[in-house]
Amino acid sequence: MKKLVLVLAAAALTLTSCSISKQTAHTQQICTSIRSGATATLEVSPKKISYTYVPSKAVRKGGYQNCINAAVREALLQNGNADVLVEMQNTVVEREGLMGRKVKTVTVTGYPATYKEIKSLDHNTLRGGCCK
């Protein structure tokens, strides 16, 4: 009988000894701002370019906007390694398939431009308010 009482007492202790503790942490908001700025002259080419890009399967997996971004990148590399395409317009040809739409070609047009004379802004210009 004593053994049965001891076994039951041990079983009761093991079942009731488990507990869950939950801790949370709080952070204090600190009012600060980090600002940086620069100005640059943009040299735009007078010649408008047009480039047609056929995205690979890996590029298409990145999505619709990834196909457009890759087309712009390739257009800039093929036309003098410019920095940005000004007044960019794009035409996307898609094909409807069993698995949804698939981008076949992307044609981008615009004016290639490069950044010249990049200058940092002084600290007086960058003064700003506090965060809220």
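Conventions and cut-offs
- Residues numbered from 1 in each chain as written.
- Predicted model: local features only at pLDDT ≥ 70, side-chain atom pairs only at ≥ 80, totals over all residues.
- Heavy atoms only, no water.
- Helix = DSSP H or I, 4+ residues; strand = E, 2+ residues; numbered from the N terminus.
- Expected span 1.5 Å × (residues − 1).
- Contact = heavy atoms within 4.5 Å.
- Salt bridge = Lys/Arg side-chain N within 4 Å of Asp/Glu carboxyl O.
- Buried < 20%, exposed > 50% of the residue type's maximum accessible area, 1.4 Å probe, protein only.
- Core = buried A, V, L, I, M, F, W, Y, C linked by side-chain atoms within 4.5 Å.
- pLDDT = per-residue confidence, 0-100.

For the rest of this paragraph, the subject is helix 3 (residues 64-78). Taking 1.5 Å of rise per residue, the 15 residues of helix 3 would be expected to cover 21 Å, and the 22 Å separating its terminal C-alpha atoms lies within 8% of that figure. In this structure, the buried residues of helix 3 make contact with strand 2 (49-53), helix 2 (57-61), strand 3 (84-97) and strand 4 (100-120). A positive phi of about 90° marks glycine 80, the residue just after helix 3.

This next bit is on the pattern of salt bridges. Across all of its chains, the model carries three salt bridges by this definition. One salt bridge in this structure joins arginine 73 and glutamate 74, with 3.4 Å as the shortest N-O distance. Assessed through its relative accessible area of 19%, glutamate 74 is described here as buried. Across the pair arginine 101 and glutamate 94 runs a salt bridge, and its minimum N-O distance is 3.7 Å. Looking at glutamate 94, the relative accessible area reads 33%, which means it is partly exposed. Where salt bridges share partners, they join Glu94, Glu96 and Arg101 into one cluster.

Let us now look at the nonpolar core. With 15 residues, the main nonpolar core has Leu85, Val106 and Val108 as its most contacted residues. Secondary-structure elements contributing two or more residues to this core are strand 2, helix 3 and strand 4. If one sorts the elements of this core by residue count, helix 3 sits on top with seven residues.

For the rest of this paragraph, the subject is the confidence of the model for the chain. Taken over all residues, the pLDDT of the chain has a mean of 80, while the share at 70 or more is 71%. At the level of individual helices and strands, the chain shows its lowest average pLDDT in helix 1 (residues 2-16), which scores 67, and its highest in strand 2, which scores 93.

As a further point, take the environment of glycine 37. By the secondary structure assignment, glycine 37 is in the loop between helix 1 and strand 1 (38-44). In this structure the C-alpha to C-alpha distance between glycine 37 and leucine 121, which are 84 residues apart in sequence, comes to 5.5 Å.

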